[in-house]
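What the coordinates show
As a plain string of letters, each chain reads:
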Amino acid sequence: MTEEEKQEFYKAEYHGAPLTKHVTFRCTEVLWRFIKIKEMEEGRDMSAVIRRLVSIAAKQEGYNKDGI
């Protein structure tokens, strides 16, 4: 994902549907470190980075952000 695509995702998320659910999950130290580095690189909080990464993977499995 390009830097422009990342910024577009975060912009759309800010103006999109409200966040209504809290999800907690366990991950490996290596995955946590990767997400933490992305958080610092992108200047976003960890939950925003995780939502972006999960959204990418979910689309590959048939997820539609519009719920259609």
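Check the entry above for the structure.
Residues numbered from 1 in each chain as written. Predicted model: local features only at pLDDT ≥ 70, side-chain atom pairs only at ≥ 80, totals over all residues. Heavy atoms only, no water.

1. Overview of the packing of helix α2 (residues 29–42) against helix α3 (residues 46–60)
Interaxial distance between α2 and α3 falls to 9 Å at its minimum, and their mutual angle equals 110°. Overall, the two elements α2 and α3 adopt an arrangement that is roughly perpendicular. On α3, the residues touching W32, F34, I35, K36, K38, E39 and E42 of α2 are M46, V49, I50, R52 and L53. Of the residues belonging to the contact of α2 with α3, the class tally is seven nonpolar, no polar and five charged. (Axes fitted to C-alpha atoms, helices over the stretch in contact; angles between N-to-C directions. Helix = DSSP H or I, 4+ residues; strand = E, 2+ residues; numbered from the N terminus. Parallel < 35°, antiparallel > 145°, perpendicular 65-115°, else oblique. Contact = heavy atoms within 4.5 Å. Nonpolar A, V, L, I, M, F, W, Y, C, P; charged D, E, K, R; others polar.)

2. A closer look at the environment of A57
For A57, the location among the structural elements is in helix α3. In this structure the C-alpha to C-alpha distance between A57 and K21, which are 36 residues apart in sequence, comes to 19 Å.

3. Regarding the side chain of K6
Along the chain, the position of K6 falls in helix α1 (residues 3–15). Here K6 falls in the buried class, since its relative accessible area comes to 11%. Discounting residues that sit within four places of it in the chain, K6 has contacts with M1, K38, E42 and R52. (Buried < 20%, exposed > 50% of the residue type's maximum accessible area, 1.4 Å probe, protein only.)

4. As for the environment of K11
By secondary structure assignment, the location of K11 is in helix α1. Note: C-alpha distance between K11 and R33 (22 residues apart in sequence) is 25 Å.

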